[in-house]
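Remarks on the overall topology
This is what each chain is made of:
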Amino acid sequence: MASINTMVKRLAGLADTADVTDWENQFIKSILDKTSNGYNTTSITEKQLDVIERIHDKHFVGER
């Protein structure tokens, strides 16, 4: 599994694209703001981590 920082940084590339729902887009942008674009993920809650993993896996699992 990718680190939290890596997952957030990957999700940053999906922000404001048609690949994510409006809700996912707002969530990603909120997490990016909260974590300084994935560089400080210490304040992420377990619930937020679950959502990050779900969105990340939906778009990146199986890619190499």
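Residues numbered from 1 in each chain as written. Predicted model: local features only at pLDDT ≥ 70, side-chain atom pairs only at ≥ 80, totals over all residues. Heavy atoms only, no water.

**Regarding helix 3 (residues 46-60)**
Between its first and last C-alpha, helix 3 extends 20 Å over 15 residues, near the 21 Å set by a 1.5 Å rise per residue. Considered for burial, the residues of helix 3 that qualify are Gln48, Leu49, Val51, Ile52, Glu53, Ile55, His56, His59 and Phe60. The secondary structure elements touched by the buried residues of helix 3 are helix 1 (4-12) and helix 2 (22-34). Phi turns positive, to about 95°, at glycine 62, one or two residues after helix 3. (Helix = DSSP H or I, 4+ residues; strand = E, 2+ residues; numbered from the N terminus. Expected span 1.5 Å × (residues − 1). Buried < 20%, exposed > 50% of the residue type's maximum accessible area, 1.4 Å probe, protein only. Contact = heavy atoms within 4.5 Å.)

**Some thoughts on the environment of glycine 62**
Secondary-structure assignment places glycine 62 in the segment after helix 3. Residue glycine 62 is classed as exposed on the basis of its relative accessible area of 70%. C-alpha separation for the pair glycine 62 and threonine 42, spaced 20 residues apart in sequence, amounts to 27 Å.

**Topic: the side chain of threonine 41**
Within the secondary structure layout, threonine 41 lies in the loop between helix 2 and helix 3. By relative accessible area, which is 13% here, threonine 41 ends up buried. Once you skip the residues sitting within four places of it in the chain, threonine 41 turns out to touch Ile4, Asn5, Val8 and Thr35.

**Brief notes about the pattern of salt bridges**
Within this structure, the stated rule accounts for 3 salt bridges. The salt bridge partner of arginine 54 is glutamate 24, with a shortest N-O separation of 4.0 Å. With arginine 54 in helix 3 and glutamate 24 in helix 2, this pair connects stretches of sequence that are 30 residues apart. In this structure, the salt-bridge partner of glutamate 24 is lysine 58, at a minimum N-O distance of 3.1 Å. With glutamate 24 in helix 2 and lysine 58 in helix 3, this residue pair connects regions lying 34 residues apart in the sequence. (Salt bridge = Lys/Arg side-chain N within 4 Å of Asp/Glu carboxyl O.)

In short, the description is geometric, and any link to function would need to be established separately.
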